[in-house]
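Below are the chains, spelled out letter by letter.
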Amino acid sequence: MSTVHQESTELQWGHDYLMVEPNHFRVDYAINPFMDLNDQPEPLHTRAEWLAVVAAIEAAGGRVRVLPQLPDAPDMVYAMNLGLALESADDAGDPDVHVDRRVVLSHMRYAQRRMETPAAEGWFAANGFTSKSVGRDGVGAHFEAGDAFAWRGELVVGFGPRTEELALKHLATDLGVSVQGFRITNPGMYHMDLGFCPLDDTRAMVCPAAYDDASAAALLALVPEPLVLTEEEAMTFCANSIVVGRTIVMPACPDRVRAQLEEWGFEIVIVEVGEFLKGGGAIRCMTNPLDVRIGRDLATVPGGRVTLA
Ligand code: ARG
């Protein structure tokens, strides 16, 4: 069977990121299979790795804004989980048009991370974002923003280990967008961003072993040109990467994966973040895109819509 190669367009978002400066990164509890209290991050290595991620994003033409870490929030370095930031404008192309910014704050599954939310809310408010949430302080649906991606006009959301299915309905109706939900069943891939990484408008890395059968099939059907990862490949955290134009900033990249990405014309920049792997996260987890736009990256769907496999 021959593959039909469509013309691919770069992701429009992914040029502007929020990161949390890792001044208090520790493994104080174990809420995912990678965390081990006997294997603590080393502060100087942590800082060097974090600075290397910042430098790689900037070298690729992106921008990084920085939020200081709270001393009692050791996992706050995984800025992706602070919330889902969205902008909207009447005329997406015109820089003079007023841009409206909002953020759906995460409602963390584990109480250990819930003190991050007020800090995030303060930063987003100070930077012109209106906050919303689907639940708070343990009441209402859990939603962790690492589970959500804008892709091909829809919000692709993983649920199960962290985000709850009910959150998808809130996201769809509150934002007026289409949400496609995928059930994560693999405890090692507890966030969507460990088994899925959109690359451009037709290509994405997908690890079917992260999901139940119906969701794996639906996700593969959604992606015109999937780069299918084995579970072993995904466990390198290669899908926990970010795309800045045609550059992919990755924590690791197995040779087979690299060959396909290069054939597709991507430039691969590896930044090793071994200290952050100790908390169960890598580059996508450390970075939160602020430039996802409703009306451009997400189609407006009055009343919202949820599709499950
Ligand atoms: N220790 C953090 C947690 O378990 C890691 C978060 C990783 N972030 C991500 N977007 N996958 O919540």
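Look a little higher up for the structure.
Keep in mind it's a predicted model, so treat the numbers as computed, not measured. Each chain carries its own residue numbering, running from 1 in the direction its sequence is written. For this predicted model, a pLDDT threshold of at least 70 governs which residues receive local features, and a threshold of 80 or more governs which side-chain atom pairs are given and counted, while totals over whole chains, interfaces and linings are taken from all residues. Hydrogen atoms and water are omitted, and side-chain values are computed over all heavy atoms in the structure.

Let's talk about the overall build of the protein
Moving on, step 1. A count of helical and extended segments in the protein gives eight helices and 19 strands.
Moving on, step 2. Throughout, radius of gyration means the C-alpha value; the globule benchmark is 2.2 Å times the number of residues raised to the power 0.38. Scaling as 2.2 N^0.38, a compact globule of 309 residues should have a C-alpha radius of gyration of about 19 Å, and the protein matches this with 18 Å.
Moving on, step 3. Dimensions of the protein, computed from C-alpha atoms along their principal axes, come out at roughly 50 × 45 × 40 Å.
Moving on, step 4. The buried share of the protein, taken over its 309 residues, is 56%.
Moving on, step 5. Whether two residues touch is decided by their heavy atoms; if any such pair falls within 4.5 Å, the residues are in contact. Nonlocal contacts in the protein, meaning residues at least 24 apart in sequence, comprise 70% of its contacts between residues at least 6 apart.
Moving on, step 6. When the accessible surface of the protein is totalled, it reaches about 12,100 Å², and 51% of it is carbon and sulfur. Helix numbers and strand numbers start at the N terminus; a helix is a DSSP run of H or I with at least 4 residues, a strand a run of E with at least 2. Each residue is placed in one exposure class: buried if its accessible area under a 1.4 Å probe, protein chains only, is under 20% of its type's maximum, exposed if it is over 50%, and partly exposed if it falls in between. Areas reported as accessible are Shrake-Rupley estimates using a 1.4 Å probe. Residue values count occlusion only from the protein chains shown.

Looking at the packing of aromatic side chains
Moving on, step 1. When two rings of Phe, Tyr or Trp (its six-membered ring) have centres within 6.5 Å they constitute a pair, described as stacked for plane angles under 30 degrees, edge-to-face for angles over 60, and tilted for the intermediate range. Enumeration according to the criterion identifies nine aromatic pairs in this entry.
Moving on, step 2. Ring centres of phenylalanine 34 and phenylalanine 237 lie 5.0 Å apart, and the angle between their planes is 75°; on these two criteria the pair is classed as edge-to-face. A residue pair is termed long-range when its members are at least 10 positions apart, and phenylalanine 34 in the loop between strand S1 (16-21) and helix H1 (43-59) and phenylalanine 237 in the loop between helix H5 (231-234) and strand S14 (242-244) qualify at 203 residues.
Moving on, step 3. Since its relative accessible area comes to 4%, phenylalanine 237 is described here as buried.
Moving on, step 4. Taking 6.3 Å as the distance between ring centres and 35° as the angle between the ring planes, the aromatic pair formed by tryptophan 123 and phenylalanine 129 counts as tilted. Like tryptophan 123, the residue phenylalanine 129 is buried in the burial classification.
Moving on, step 5. Following the ring pairs from residue to residue traces out a cluster consisting of Phe25, Tyr78 and Phe276.
Moving on, step 6. Over the ring of tryptophan 151 we find arginine 152, and its NZ or CZ is 5.6 Å from the ring centre.
Moving on, step 7. Charge-over-ring placement is defined geometrically: NZ (Lys) or CZ (Arg) within 6 Å of the ring centre, and within 35 degrees of the ring normal. Its end group placed over the ring of phenylalanine 266, arginine 246 keeps NZ or CZ at 4.2 Å from the ring centre.

Examining the site of the ligand
Moving on, step 1. Near, as used in this document, describes a residue that has one of its heavy atoms within 4 Å of the molecule or strand being considered. Around the ligand, the structure places 15 residues, and the nearest of them are Arg113, His191, Asp193, Gly279 and Cys285.
Moving on, step 2. Polar contacts, as used here, are pairs of N or O atoms within 3.5 Å; protein pairs need one atom able to donate a hydrogen and one able to accept it. Residues neighboring in sequence count only if both atoms are side-chain atoms. Take histidine 191: an N or O atom from its side chain is 2.7 Å from a nitrogen atom of the ligand.
Moving on, step 3. Contacts to the ligand include aspartate 193, whose side-chain N or O atom sits 2.8 Å from a nitrogen atom.
Moving on, step 4. Starting from 340 Å² of accessible surface for the ligand in isolation, the protein chains cover 100%.
Moving on, step 5. Any residue outside Ala, Val, Leu, Ile, Met, Phe, Trp, Tyr, Cys, Pro, Asp, Glu, Lys and Arg is labelled polar, Gly included; the first ten of those are nonpolar and the last four are charged. Residue composition of the shell around the ligand, grouped by class: five nonpolar, six polar and four charged.

Observations regarding the nonpolar core
A general feature of soluble globular proteins is that nonpolar side chains tend to end up buried together.
Moving on, step 1. By size, the foremost hydrophobic cluster in this structure holds 83 residues, and its most contacted members are Phe196 and Leu261.
Moving on, step 2. Nine residue types can take part in a nonpolar core, namely buried Ala, Val, Leu, Ile, Met, Phe, Trp, Tyr and Cys, and a core is a set of them joined through side-chain atoms within 4.5 Å. Judged by nonpolar contacts, the second largest core, of 16 residues, contains Leu67, Ala79, Val103 and Ala120.

Some words on the pattern of salt bridges
Moving on, step 1. Note on definitions: salt bridges are taken to be side-chain nitrogens of Lys or Arg within 4 Å of carboxyl oxygens of Asp or Glu. As enumerated under the stated definition, the model contains 19 salt bridges in all.
Moving on, step 2. Between arginine 101 and glutamate 87 there is a salt bridge, with the nearest N and O atoms lying 2.7 Å from each other. Of the two residues, arginine 101 sits in strand S4 (residues 99-105) while glutamate 87 sits in strand S3 (residues 83-89), which places them 14 residues apart along the sequence.
Moving on, step 3. The salt bridge involving glutamate 116 is made with arginine 113; its shortest N-O contact spans 2.8 Å.
Moving on, step 4. By relative accessible area, arginine 113 is classed as buried at 3%.
Moving on, step 5. Connected through shared salt-bridge partners, Asp200, Arg203, Glu225 and Arg246 make up one network.

Some details on the sheet that holds strand S19 (residues 305-308)
Moving on, step 1. We treat two strands as partners when DSSP finds at least two bridges between them. Strand order in this open sheet of four strands is S8-S9-S10-S19, and the pairing throughout is mixed. The two strands at the open ends of the sheet, each matched to only one other strand, are strand S8 (148-151) and S19. Strand-to-strand twist in this sheet, taken as the mean axis angle between neighbours without regard to direction, amounts to 25°.
Moving on, step 2. The strands touched by helix H4 (residues 213-222) within the sheet are S8, strand S9 (154-159) and strand S10 (178-183), with S10 carrying the most contacts at an inclination of about 135°. Every axis in this analysis is a line fitted to C-alpha atoms, fitted for helices over the stretch in contact. Angles between the N-to-C directions lie between 0 and 180 degrees.

A short note on unusual backbone geometry
Moving on, step 1. Its identity as a non-glycine residue notwithstanding, aspartate 137 has a phi of 50°, on the positive side.
Moving on, step 2. Non-glycine residue phenylalanine 237 carries a positive phi angle of around 70°.

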